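Below, each chain spelled out in residue letters.
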Amino acid sequence: MKKYLVLIERKPSFTGDFIQGHREFLQNLREVQTLITAGGFEDQTGGAYVLQANSLEEARMVVKNDPMNHENESVYKVKEWNAV
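Predicted model only: the values in this text are computed from it and were never measured.

Reading guide: rules and limits
Residues numbered from 1 in each chain as written. Predicted model: local features only at pLDDT ≥ 70, side-chain atom pairs only at ≥ 80, totals over all residues. Heavy atoms only, no water. Pairing = 2+ DSSP bridges. Helix = DSSP H or I, 4+ residues; strand = E, 2+ residues; numbered from the N terminus. Axes fitted to C-alpha atoms, helices over the stretch in contact; angles between N-to-C directions. Buried < 20%, exposed > 50% of the residue type's maximum accessible area, 1.4 Å probe, protein only. Contact = heavy atoms within 4.5 Å.

S.K.: Is there a simple way to think about the pairing of strand 2 (residues 35-40) in this case?
M.R.: Here is the key point about a regular strand: its side chains alternate between the two faces of the sheet. Bridging between strand 2 and strand 3 (residues 46-53) involves five bridges; their strand directions are antiparallel. Bridging from a neighbouring strand, Ala-38 pairs with Tyr-49 of strand 3.

Here's what the structure looks like:
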């Protein structure tokens, strides 16, 4: 499995309406051992998480289901990460 860094940047139109769903989504990923780690930025501008997946396409499909990945809320970027 490869690792993927998911960077989240809040948009100016961010409402926070999807935060609870986002947290539940991450907990579900943790339970199925897809999520390695996650956290918000101290300055409240967004956050990041690290996934395990077989491919970039698979990682993007996972991220597509994140409730906070909404066009009016945040910008998501998924990068394959060669972390050790």
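S.K.: What exactly am I supposed to notice about the sheet that holds strand 1 (residues 2-10) here?
M.R.: Two orientations exist for strands paired in a sheet by backbone hydrogen bonds: parallel and antiparallel. Read across the open sheet, the four strands follow the order 2-3-1-4; overall the sheet is antiparallel. Each having just a single partner strand, strand 2 and strand 4 (74-81) make up the two edges of the open sheet. Going across the sheet, the axis of each strand differs from the next one's by a mean of 15 degrees, ignoring polarity. Pairing of strand 1 with strand 3 involves eight bridges; the strand directions are antiparallel.

S.K.: In this structure, what is going on with the environment of Ile-8? I would like to understand it.
M.R.: Relative to the elements of secondary structure, Ile-8 occurs in strand 1. Residue Ile-8 is classed as buried on the basis of its relative accessible area of 5%. Sequence spacing of Ile-8 and Tyr-76 is 68 residues, and the spatial spacing of their C-alpha atoms is 4.7 Å. The contacts of Ile-8, once residues within four sequence positions are left out, are His-22, Phe-41, Thr-45, Gly-46, Gly-47, Tyr-49, Met-68, Ser-74, Val-75 and Tyr-76.

S.K.: Whenever I open this one, the side chain of Ser-74 confuses me. Can you help?
M.R.: You can see Ser-74 is positioned in strand 4. Residue classification places Ser-74 among the buried positions, given a relative accessible area of 4%. The contacts of Ser-74, once residues within four sequence positions are left out, are Ile-8, Glu-9, Arg-10, Lys-11, Phe-14 and Met-68.

Treat this as a map of the structure, not an account of what it does.
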